[in-house]
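Each chain, written out:
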2 protein chains.
Amino acid sequence: MTYCVGMMLERGLVLMSDTRTNSGVDNISTFRKMHHWEISGERIISVMTAGNLATTQAVISQLEERNKAPSQRSNSLLEAETMFQVATIVGDLLRETISSRAEDNGPRAAAGTFSATIIVAGQIAGMEPRLFLIYPEGNFIEASFDTPFFQIGETKYGRPILLRGYQPDMSFEAAVKLMTVSFDSTLKANLSVGLPLDLLVIERDCFTPLHERRIEAGDPYLQAVSEGWGEALRQALDALPDYRMEARAEAVSG
Amino acid sequence: MTYCVGMMLERGLVLMSDTRTNSGVDNISTFRKMHHWEISGERIISVMTAGNLATTQAVISQLEERNKAPSQRSNSLLEAETMFQVATIVGDLLRETISSRAEDNGPRAAAGTFSATIIVAGQIAGMEPRLFLIYPEGNFIEASFDTPFFQIGETKYGRPILLRGYQPDMSFEAAVKLMTVSFDSTLKANLSVGLPLDLLVIERDCFTPLHERRIEAGDPYLQAVSEGWGEALRQALDALPDYRMEARAEAVSG
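Residues numbered from 1 in each chain as written. Chains lettered and ligands numbered in written order. Predicted model: local features only at pLDDT ≥ 70, side-chain atom pairs only at ≥ 80, totals over all residues. Heavy atoms only, no water.

As annotated in an unreviewed UniProt entry, chain A carries the name Peptidase and is attributed to Novosphingobium aureum.

Shown next as structure tokens:
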């Protein structure tokens, strides 16, 4: 499994991903699932992947044309005119990669074996920042005011806090804090999501990462959030009205 | 889907379940998933079910011998000598119900079509309160100091808060509050879990429910928790140290 979140804020985009891949519980590895490309001052495009690792690596390799000699490579994402075109290119590559692998293996392969999902985020100069969720079928949806963030992979554990904590005008620092809590909750509950985490902050109209880092196990900020969150939640629970077993009708005033 | 939680505290047992069943999104109904039987002063036994509704209703009906004339019925759970025997009886009935239905339908039925999972909780006089999770295969596990609560159904959204908020010595009122938050988070995220909720509180060595009720939509306590939790979480997030994009090493002191 995997856990990645892409979030659209008024001031830009924040992306976070884990790095664990596993094939069974006795075969785990660390792989980067977040990639980005930029033309300074003109565009920045980031991609996060979840699903079959061979599929997602093949998509990234094809985007970078690694099948060609280094001097002959070009990245079509850096030539697309709009973020919509970028999403279309990634979606087509994803669908073709999955279907060609499935055809090669015929009916022996279980449905969904080669499946993957991708989040695409970025901005091209003169246009708005955009955030897309791309399905294995190659089609995609775009984030909006109503649905301002996308999750892929092991999404359920970390979703309630995102639903409750997200605000479109929050600072980048607050958004990173919120995502760290969401990831910490998921890390605590599911072995298939694992450290380190990759973090990328893209400020609106600033076509290079504002902030980029890898959060390793033992990172002091992650530890502070993880240790502090249990206590903060207990205080949050305390702040709620107590349930009263006797006086049901008056429970709210308790 | 379904969401049920059974929790073991030092002072007794707390159980909560939703009531939604669905077969597709356009066919939803309300069914009780929590049942209990008691012999006043001697035993109280509660069962919560998740999975195929025909399977779980068949298990409950057979436990109550509804296939017999009312005068000839007896409930084997009320005659079992230990809670372990109770769990064994429920497990055997569950496995037999699933397998006979699967055999009748042969290979046309998809694997797992008739599957279900059951939580059994209760106490028999002279022995400890016990809490079991019963699998479709009929075998079961028991709650312990390390794993003091079981969830069945749509478990992921509501799990992080239970992991963080549970304490074995908490009051019944605090446990109900914690479970209400867990259910509210799940209700907000998943349409297949729905109101009303059933609540049962069993105090140790008190072989009748200490508290029992149905929490309907519009319940003032549920509303107070649901509305208060967003604000409480924002305060909890505020209480955590801020992330600093510049001074990484000093992030904790922020």
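There is more to say after this.
**A short note on the environment of Thr49 of chain A**
Residue and element names in this part refer to chain A. Assignment of secondary structure puts Thr49 in strand E6 (residues 43-51). For Thr49, a relative accessible area of 5% translates into the label buried. Distance in space between the C-alpha atoms of Thr49 and Thr117 is 6.0 Å, their sequence separation being 68 residues. In contact with Thr49, not counting residues within four places along its chain, are Thr2, Cys4, Lys33, Thr56, Ile60, Thr117, Ile118 and Ile152. (Helix = DSSP H or I, 4+ residues; strand = E, 2+ residues; numbered from the N terminus. Buried < 20%, exposed > 50% of the residue type's maximum accessible area, 1.4 Å probe, protein only. Contact = heavy atoms within 4.5 Å.)

**Focus on the sheet that holds strand E12 (residues 211-215) of chain B**
Each strand in a sheet pairs with another by means of backbone hydrogen bonds, the pair being arranged parallel or else antiparallel. Residues and elements named next belong to chain B. Overall, antiparallel pairing links the five strands, which are arranged E10-E1-E2-E11-E12 in an open sheet. Each having just a single partner strand, strand E10 (149-153) and E12 make up the two edges of the open sheet. For this sheet, the mean angle separating the axes of adjacent strands, direction not counted, is 10 degrees. Pairing of strand E1 (residues 3-9) with E10, which is carried by five bridges, proceeds in the antiparallel orientation. Counted as the bridge partner of Gly6 is Phe150 from E10. In this fold helix H4 (residues 172-189) packs onto E1, strand E2 (12-17) and strand E11 (197-203), with an angle of close to 25 degrees to the strand it touches most, E2. (Pairing = 2+ DSSP bridges. Axes fitted to C-alpha atoms, helices over the stretch in contact; angles between N-to-C directions.)

**Details of the packing of H4 of chain B against helix H5 (residues 220-239) of chain B**
The axes of two packed helices give the description: the angle between them and the distance between them. Residues and elements named next belong to chain B. Contact geometry of H4 with H5 gives a least axis separation of 10 Å together with a crossing angle of 70 degrees. When the interaxial angle is binned, H4 and H5 end up roughly perpendicular. Contact with H4, carried on its side by Lys177, Thr180, Val181, Asp184, Ser185 and Lys188, involves Tyr221, Leu222, Val225, Ser226 and Trp229 of H5 and no other residues of that element. Here the residues of the contact of H4 with H5 are counted per class, giving five nonpolar, three polar and three charged. (Parallel < 35°, antiparallel > 145°, perpendicular 65-115°, else oblique. Nonpolar A, V, L, I, M, F, W, Y, C, P; charged D, E, K, R; others polar.)

**Remarks on the interface of chain B and chain A**
On the side of chain A, 48 residues touch chain B, which itself brings 48 residues to the contact. Approximately 4,700 Å² of surface area, both sides summed, lies buried where chain B meets chain A, with 68% of it carried by carbon and sulfur atoms. If you sort the residues of chain B by the area they bury against chain A, Arg164, Tyr243 and Met245 of chain B come out on top, with a joint share of 20%. For the pair chain B and chain A, the number of links is six salt bridges. Run the count over chain B and chain A and you get 24 residue pairs in polar contact (both at pLDDT 80 or more). (Buried area = accessible area lost by both parts, 1.4 Å probe. Salt bridge = Lys/Arg side-chain N within 4 Å of Asp/Glu carboxyl O. Polar contact = N/O pair within 3.5 Å; in protein donor to acceptor, adjacent residues only side chain to side chain.)

**Brief notes about the pattern of salt bridges**
Once their charged atoms are close, side chains differing in charge can pair, the charge on each being opposite to the other. Within the structure shown, the criterion is met by 32 salt bridges over all chains. Between Glu65 of chain A and Lys68 of chain A there is a salt bridge, with the nearest N and O atoms lying 3.4 Å from each other. The class for Glu65 of chain A is buried, based on a relative accessible area of 16%. The exposure class of Lys68 of chain A is partly exposed, given its relative accessible area of 36%. Residues Arg101 of chain B and Asp104 of chain B are paired through a salt bridge, measuring 3.1 Å at the closest nitrogen-oxygen approach.

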